[in-house]
4 protein chains.
Amino acid sequence: MLKFSCDYMEGAHPHILNRLSTINLEKNDGYGMDEYTESARAKLRIMCGIPDAEVHFLMGGTQTNTIVLDSILRFNQGVLAPTTGHINVHEAGAIEGCGHKVVPMKAANGKIDILALERHLHLLKVECDVVGWEHYVAPRVLYVSFPSEYGSLYTLDELRQLRTICDKYDLYMFVDGARLGYGLASPYCDVSLSDMAQLCDVFYLGGTKVGALFGEAVVVTNPELTIPRGLIKQRGAMLAKGWLLGIQFDTLLTSPTDDFTDTLYYKISRNAVEMAMMLREGMVAKGYEMHIDSPTNQQFFIVDNARLPELSRKVGFDSFAAYDEYHTVIRFCTSWATTVTQVDALLEVV
Amino acid sequence: MLKFSCDYMEGAHPHILNRLSTINLEKNDGYGMDEYTESARAKLRIMCGIPDAEVHFLMGGTQTNTIVLDSILRFNQGVLAPTTGHINVHEAGAIEGCGHKVVPMKAANGKIDILALERHLHLLKVECDVVGWEHYVAPRVLYVSFPSEYGSLYTLDELRQLRTICDKYDLYMFVDGARLGYGLASPYCDVSLSDMAQLCDVFYLGGTKVGALFGEAVVVTNPELTIPRGLIKQRGAMLAKGWLLGIQFDTLLTSPTDDFTDTLYYKISRNAVEMAMMLREGMVAKGYEMHIDSPTNQQFFIVDNARLPELSRKVGFDSFAAYDEYHTVIRFCTSWATTVTQVDALLEVV
Amino acid sequence: MLKFSCDYMEGAHPHILNRLSTINLEKNDGYGMDEYTESARAKLRIMCGIPDAEVHFLMGGTQTNTIVLDSILRFNQGVLAPTTGHINVHEAGAIEGCGHKVVPMKAANGKIDILALERHLHLLKVECDVVGWEHYVAPRVLYVSFPSEYGSLYTLDELRQLRTICDKYDLYMFVDGARLGYGLASPYCDVSLSDMAQLCDVFYLGGTKVGALFGEAVVVTNPELTIPRGLIKQRGAMLAKGWLLGIQFDTLLTSPTDDFTDTLYYKISRNAVEMAMMLREGMVAKGYEMHIDSPTNQQFFIVDNARLPELSRKVGFDSFAAYDEYHTVIRFCTSWATTVTQVDALLEVV
Amino acid sequence: MLKFSCDYMEGAHPHILNRLSTINLEKNDGYGMDEYTESARAKLRIMCGIPDAEVHFLMGGTQTNTIVLDSILRFNQGVLAPTTGHINVHEAGAIEGCGHKVVPMKAANGKIDILALERHLHLLKVECDVVGWEHYVAPRVLYVSFPSEYGSLYTLDELRQLRTICDKYDLYMFVDGARLGYGLASPYCDVSLSDMAQLCDVFYLGGTKVGALFGEAVVVTNPELTIPRGLIKQRGAMLAKGWLLGIQFDTLLTSPTDDFTDTLYYKISRNAVEMAMMLREGMVAKGYEMHIDSPTNQQFFIVDNARLPELSRKVGFDSFAAYDEYHTVIRFCTSWATTVTQVDALLEVV
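What counts and what doesn't
- Residues numbered from 1 in each chain as written.
- Chains lettered and ligands numbered in written order.
- Predicted model: local features only at pLDDT ≥ 70, side-chain atom pairs only at ≥ 80, totals over all residues.
- Heavy atoms only, no water.
- Helix = DSSP H or I, 4+ residues; strand = E, 2+ residues; numbered from the N terminus.
- Buried < 20%, exposed > 50% of the residue type's maximum accessible area, 1.4 Å probe, protein only.
- Contact = heavy atoms within 4.5 Å.
- Least-squares fit on C-alpha atoms with pLDDT ≥ 70 in both.
- Polar contact = N/O pair within 3.5 Å; in protein donor to acceptor, adjacent residues only side chain to side chain.
- Salt bridge = Lys/Arg side-chain N within 4 Å of Asp/Glu carboxyl O.
- Buried area = accessible area lost by both parts, 1.4 Å probe.
- Nonpolar A, V, L, I, M, F, W, Y, C, P; charged D, E, K, R; others polar.
- Pairing = 2+ DSSP bridges.

Student: Please give an account of the environment of Leu252 of chain C that cites residues and values.
Tutor: Residues and elements named next belong to chain C. Of note, Leu252 is situated in helix 11 (residues 243-252). Take Leu252: its relative accessible area is 0%, and that puts it in the buried class. A C-alpha to C-alpha distance of 16 Å links Leu252 and Gly242, two positions ten residues apart in sequence. Excluding its chain neighbours within four sequence positions, the residues that come into contact with Leu252 are Ile16, Val210, Gly211, Ala212, Thr263, Leu264, Tyr265 and Ile268.

Student: Tell me about the relation of the copies chain D and chain C, and name the residues and values.
Tutor: Of the two same-sequence chains, chain D is brought onto chain C (RMSD 0.0 Å, axial shift 0.0 Å) by a rotation of 180 degrees. This pairing of chains is accounted for by a two-fold axis.

Student: Tell me about the relation of the copies chain B and chain C, residues and numbers included.
Tutor: Expressed as a screw operation, the relation of chain B to chain C combines 0.0 Å of axial shift with a rotation of 180 degrees, fitting to an RMSD of 0.0 Å. Here 100% of the interface residues in chain B have copies in chain C that are interface residues too; the copies meet face to matching face.

Student: Go over the side chain of Glu216 of chain B, please, and point to the residues and values.
Tutor: Tracing the backbone through its elements, the reader meets Glu216 of chain B in strand 10 (residues 216-220). Only 2.6 Å separates the side chain of Glu216 of chain B from the side chain of Thr208 of chain B, close enough to count as a polar contact.

Student: Got a sec to walk through the pattern of salt bridges? Specific residues and values, please.
Tutor: Residue and element names in this part refer to chain D. This model, assessed by the stated rule, comprises 76 salt bridges over all chains. When the shortest N-O distance is used, the salt bridge between Asp250 and Lys43 registers 3.1 Å. With Asp250 in helix 11 (residues 243-252) and Lys43 in helix 2 (residues 35-48), this residue pair connects regions lying 207 residues apart in the sequence. We note that Asp250, like Lys43, is buried. The partner of Arg140 in a salt bridge is Asp170, and the shortest N-O contact between them spans 3.6 Å. Linking Arg140 in strand 7 (residues 138-145) with Asp170 in the loop between helix 7 (156-168) and strand 8 (172-176), this pair joins segments that are 30 residues apart in sequence.

Student: How would you sum up the interface of chain B and chain C? Please name residues and give values.
Tutor: On the side of chain C, 43 residues touch chain B, which itself brings 43 residues to the contact. A combined buried area of about 3800 Å² lies between chain B and chain C, and 55% of that area is made up of carbon and sulfur atoms. The three residues of chain B that bury the most area against chain C are Asn24, Lys27 and Lys241 of chain B, which together make up 19% of that side's buried surface. Remark: the boundary between chain B and chain C carries two salt bridges. Notably, a salt bridge pairs Lys27 of chain C with Glu10 of chain B, separated by 3.0 Å at the nearest N-O pair. For the pair chain B and chain C, the number of links is 26 residue pairs in polar contact (both at pLDDT 80 or more). Only helix 1 (14-22), helix 3 (61-72), helix 5 (94-97), helix 10 (229-234) and helix 11 (243-252) of chain B provide two or more residues apiece to the side of chain B that touches chain C. Broken down by class, the residue content of the side of chain B that touches chain C amounts to 20 nonpolar, 14 polar and nine charged.

Student: An account of the sheet that holds strand 11 (residues 289-290) of chain A is needed here, citing residue identities and associated values.
Tutor: Spatially, four strands are ordered 11-12-15-14 (chain A) in an open sheet, and the strand pairing comes out antiparallel. Every other strand in the sheet has two partners, leaving strand 11 and strand 14 (318-322) of chain A as the edge strands with one partner each.

Student: Before we move on, could you go through the interface of chain D and chain C and cite the residues and values that matter?
Tutor: Opposite the 21 residues of chain D that make contact, chain C presents 20 residues. Between chain D and chain C, the buried area comes to about 1500 Å², and carbon and sulfur atoms account for 51% of it. Summed over the three residues of chain D that lose the most area to chain C, namely Ala92, Glu96 and Lys101 of chain D, the buried surface amounts to 34% of that side. Taken together, chain D and chain C are joined by two salt bridges. The closest approach of N and O atoms between Lys101 of chain D and Glu96 of chain C, which form a salt bridge, is 2.7 Å. At the boundary of chain D with chain C, the tally comes to ten residue pairs in polar contact (both at pLDDT 80 or more). Among the secondary structure elements, those contributing two or more residues to the side of chain D that touches chain C are helix 4 (86-89), helix 5 (94-97) and strand 4 (102-105) of chain D. Of the residues forming the side of chain D that touches chain C, the biggest block, three residues, is contributed by helix 4 of chain D. Of the residues contributing to the side of chain D that touches chain C, the split by class is eight nonpolar, eight polar and five charged.

Written as structure tokens, this is what we have:
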């Protein structure tokens, strides 16, 4: 059956499997102390333009969000996130499970409402400067996803506004880049990887959804912050055979031309976005109504509930949300592995 | 100076101090295993009409909310609370500090929006029954305050609606009664203590704000639930000299007529509400605008910001919230100890 | 019945009850922001000889140990404690409940084995400097009780040795002084309060067992450390009527001669120790065998199991531990409230 | 260089890589809901002889220990473990990080001292039945590793004794089988997989050290217990591409003869043990002194410190512990991938 329900249904890009086979019987040091991991770290530092950035490779998004936030937050500090943010709705309370409150902020189409955010911080500060912060959750981190859970992107100008707010209210800015490649590769994106690295304090570049078997590359760009290896170990997130992560990212970040704007990671990300744009055009041409105008690999359409049973016999999709009593928002995802043939087949049957 | 800023500014009702003096050099068993505590437990069980209710005495509201919720919630389970609920905004993230998410629900005047609550639970269930609850925070407890943080009260009918929703969605219902006396004593309240005990699974009757030096009496009415003493100890909430709590509640729950509708707790609660009504009438007569029509000991007025500096030189109040750019909502609290003289003096100066 | 089973069976010194009565209807600011608390803080700073020490008043020992350690420890850091230390055996896993490991160290008569401690730290460092600390619990705090749970005292020289070890291995030194008065008041003690304050990084002076209704006064002497009020609130340990703690310690730390070596706290502590010495002499004269030679208010004797039933009909004591198959170690505690008459009565019946 | 320092230096058995390649572009459902994972679960249930056992696949040992124990322990409950147990010394305080105390028990050669364990439980019960369990950590789980961290094995009779103790004191028995294959494959082992499954309440069969890229298969044999998927997700331990775990175990548990005593897992485990025995004989023949007589893939020898520098230039090993001032215990590990050639080479150079 055709499956477009998410972007982590396939294994890894073949280059990755090849390299894993090649070094399979080598004896490597464990816990991320091997040469492949070191090589991947070095490449990321160059790509970000931050020579001394701290880089860690972790296994999945929830794990990464948890460890990054747990490394920063203490006591009554909390993290602000859009209401629709992954940490607020789709991680089973993982951040709270480590003792930290996620404070939901108004959002639209997956993006935080910047004015509402600033107003919230202003009013809270006015109030707490009088009665004392100790009775409240004190915001310490701003979390946003890029692309958002709705496929939308912040513009460079919006990211700069968020940075300004973070500076004003003494917040760290953390970008969840589980689908970062699919954002950077969008023709509608005016943000580069090095912009991202310059603007936020810590972010990650996702592998699980972008060509790897699994893995997220966390880049700590603010030298005030560190993610202790003791925390990674304690949270059960230190892979014994750490080189499995290192070699995957080393492969994804390889460029045939030694130009880091031309890595495998970008190349396969572009494919996903191109397939998404093709899918979108085809759907619109067929009369489907877009729920939001997503410029990345996730595409959302409003479908009459009466059509859902038949549709779901033909193609796998994600029932994203109820639109109203009679309509549902469905999501199609493309990935690095999606082919023109698959999109054509989808457009044939819908 | 006149002080109406909160309801925990005085010590304890004199009867309590007297009894503490009387038994001061007695040697009592520790940790709540003494006869005074047992007597207080027995009285509460009778008042609630639940002969085998589990009763614990704890020291403060945040501690009590934390321990009650921590005794129930596990794994990815969370607690639903009105956006304005104490656990959501005024407890420094204490519930999250124990690993559990507080999921904010739409509220008005401090009370949860019942329709919005039901709709949220319905949609979440539809979604999670498909994709699996493991990715979400699964609601397990409904938390409401009675009276609410805005002084408002749920009617008996509203509590029954909440109970019905809890039954339908398999939630426990937990009522924060930090000011329970001031609710039950209101002429506008149609809920009795035994209604409360019958309708919810666990609640507490506050002493800190209602005549005691400190102390909250937790009543677990649902035999499925228990608050292990090992949890109380582990959370640093087991008072060595537990009889200090027991004798305070034993005194508050004493009635001269052996009629439990006539206890000291109710008597002093009525005083606070009467003083609040007198204060309200006086303020309205002077032209102040009520922010909400509160039937309990907290009263809220909208004041022109220009008048605040002078007002705050004359009387202590709580700057509750910004109303708009030019006005502030201020709160006056009465308590068990408030006198007619004090209210008159307040009305004189405002 | 005669009761010597613990030192927290009575209420508070009458001076404390008197002052509580005197200010009962005053309206005080909450959460420890009142003048009585500030006065008690000031006195403690003078007594310790540390003008800018941070001082907090908390409600009980387990709560205090938990909050102090939780304010310091992060990630894979842990606390070293004697095997017999209160946090290791008598606090229901409270420290672990906050996420931190208590690493037990060899002890004798309640005191940590200094040589074994140093050897442990040396070997661990050798090992971890090679394989990486991230796989281990990294010691960050040394916890000792003064007096210990067995009534024993560290000499000034021993405390200095511990300090040297802490400096060498980069540990903070935390002294649990739940019974500090009973240590300092012992004729066998060569340590002063200001020695204690100089030698450790944080300690507390207990009130619950030494004349107060409840309360522990935490003194943070190392300016690198701080106990955030947000943590105290989050852990449910911030008393709404904080002045109840402040005025108790303000009373205990009052001296009729303005000489802080002559405070009520010391005076009543001396009484407990004198009564304990009298009890000890009397017991030994009657042929009882001391289990250890305790110089403070806890006294331990080895009793034939066959005598226990009769003895426990006459006097309350603590069955401390099995000595061998046929004998039990029992503990008698005196307190600030113990009288000569009570000790005489005890010696009469045993 | 020759490397014998641990048993997780190579990738995966080639059969696993082959299957991963074969299904690489298949679109599989995530989170362990795929057919490969279901097939692996079914095989394990048959091998254990427990048709309705609950089976989960997790990513590593620390993660697995944490999640299993966190799923069982609540409040003031703790886990008993040998002093040398992995959770007590090598997991960065992961169990405490989830709020639960690891209570160390006397051990010898990596195995818990059964008499000391029983005596501890007996004395604790005598004490707590009097003063109340709420002040203590109440043992709820017994943790042992099979093989132990020293390569040693419990006999079937010893496991039965542990089971009896667990039944008597109401403990669950949890076996850490990170190297289970290397235990079961030892000629000195009289325990079968189904014995293990029958005797304990939950255990795991390790893949990371036994032929997989990564992965541990947890088998919950006691129907009273369950590991909620919501906990796995919350702890960041739910792999998006869960089939990566499923297919690895499905491959390891495949038998050419359809006889589950003849799976790839056993076959490659036997190789490791045979290589270890060959290594041991060779070392002893060369005059090396064994530290303990290990029947599994870890071998320990006592080496003169003066010889260490030269030795470590020739071969990678683990400096396990100081033996005395002049000698060190070193560890050599074989694995599923170790060859006769490698062992010969080792014996050549030592």
